[in-house]
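An overview of the molecular structure
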Protein chains: 2
Amino acid sequence: MYSSELIKGTLKTIILKLLKNNGKMYGYEITQRVKELTNNKIQITEGALYPTLHLLEKEGEVEAETETIGKRVRKYYTITPKGKVTVDLKVNEFVDFMNTMKFLLDFELDVGHAAK
Amino acid sequence: MYSSELIKGTLKTIILKLLKNNGKMYGYEITQRVKELTNNKIQITEGALYPTLHLLEKEGEVEAETETIGKRVRKYYTITPKGKVTVDLKVNEFVDFMNTMKFLLDFELDVGHAAK
DNA sequence: TTGGATACCTAAGAGTTTTAGGTATTTTTG
DNA sequence: CAAAAATACCTAAAACTCTTAGGTATCCAA
């Protein structure tokens, strides 16, 4: 149960949105949360996630801070004010794209909220 | 006015859906129709279109036939029965993905149909 | 004690699209 | 009427993003 190559171009948006909603999160946690929220439909691979997080950090959209749990180091990410602006732009752009595709492909979406 | 890299992975779906709805169309016509239907928001580039049409033909999703207008050759494409099955699958997959993203990003969409 | 989950990471490859060309005919416009 | 713009086809290199496939190491449960 995965929705394939459509995810392309939405990864940054998903990460930023999660960070905006949930405060600080670490990489592995993000993959698990997305998996759980989408009932295994979207599975972010670590090979895609970590480079993207590093990029977002370099761009100033998120900030990282490490925390040591036992002997293990966790890297927590927080969204910056710049990131909050970006995420709203990206979500709006996505919604606009959805409406365009809805018209072009002529389909309806669920009214209620539920990731079946 | 374009909605950037989100289009990735939707090109085949858009082409097949247009061919299913409108009968035979030629390449250039497809780019113009999409542009017009989406109010310039989605602009299919020819560098993406032609290779994709050739691929769809090789896969048996569409069939091509040439027609000569004056001294110019036009290549008309028609969707095959196999293509009709494929387009329904692809649109369903896309809608499913949209609903998942709608939940994940928590947004609402327009109720009415209008590519503003 | 060993397998699975947690937790981080990188690099090569694959897939799709953009960019940037090329050719040629037809129509519009100054 | 000449030049520009639109029509109409095409390909190849580059760019971008993600997957695949590794690597390391800790923690917990069977």
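Before reading on, note that the structure itself is shown above.
Sequence positions are assigned chain by chain, starting from 1 and proceeding in written order. Numbering of ligands from 1 and lettering of chains from A proceed in the order in which they are written. A pLDDT threshold of at least 70 governs which residues receive local features in this predicted model, and a stricter bar of 80 or more applies before side-chain atom pairs are shown or counted, although totals over entire chains, interfaces and linings include all residues. Excluding hydrogens and water, the side-chain figures rest on all heavy atoms present in the structure.

1. A few points about the packing of helix α4 (residues 81-105) of chain A against helix α1 (residues 11-22) of chain B
Operational definition: Where helices are involved, their axes are fitted lines through C-alpha atoms of the stretch in contact, as for all axes, and angles between N-to-C directions lie from 0 to 180°. Put simply, DSSP marks the helices as runs of H or I at least four residues long and the strands as runs of E at least two long, and each gets a number from the N terminus on. Whether two residues touch is decided by their heavy atoms; if any such pair falls within 4.5 Å, the residues are in contact.
Relative orientation of the contacting elements α4 of chain A and α1 of chain B amounts to 30°, with a least axis distance of 10 Å. Of the residues in α1 of chain B, those in contact with Met101, Leu104 and Leu105 of chain A of α4 of chain A are Thr13, Ile14 and Lys17 of chain B.

2. Thoughts on the protein's contact with DNA strand D
To keep it simple, the criterion reads: For this description, a residue counts as near a given molecule or strand if any of its non-hydrogen atoms is within 4 Å of it. The term polar contact refers here to a pair of N or O atoms within 3.5 Å; inside protein, the definition further demands a hydrogen-donor-capable atom paired with an acceptor-capable atom, and it admits residues adjacent in sequence only when both atoms are side-chain atoms.
Taken together, 21 residues surround DNA strand D, and among them Arg72 of chain A together with Tyr26, Tyr28, Arg72 and Arg74 of chain B come closest. Taken together, the sugar and phosphate atoms account for 67% of what DNA strand D places within 4 Å of the protein. In this structure, a phosphate oxygen belonging to DNA strand D sits 3.2 Å away from a main-chain N or O atom of Gly9 of chain A. The side chain of His54 of chain B places a nitrogen or oxygen atom 3.4 Å from a phosphate oxygen of DNA strand D. Elements with a minimum of two residues in the surface near DNA strand D: α3 (46-58) of chain A together with α2 (27-37), α3 (46-58) and β3 (72-79) of chain B.

3. Section: unusual backbone geometry
Note the following rule: Remark: exposure states derive from per-residue accessible area (1.4 Å probe, protein chains only) relative to the maximum for the residue type, with buried under 20%, exposed over 50%, and partly exposed in between.
Positive phi values are uncommon outside glycine, yet Asn40 of chain A reaches one of about 70°. If you trace the backbone, Asn40 of chain A turns up in the loop between α2 (27-37) and α3. Since its relative accessible area comes to 43%, Asn40 of chain A is described here as partly exposed. Its identity is not glycine, yet Asn39 of chain B carries a phi of approximately 50°, on the positive side. Structurally, Asn39 of chain B is set in the loop between α2 and α3. A relative accessible area of 39% places Asn39 of chain B in the partly exposed class.

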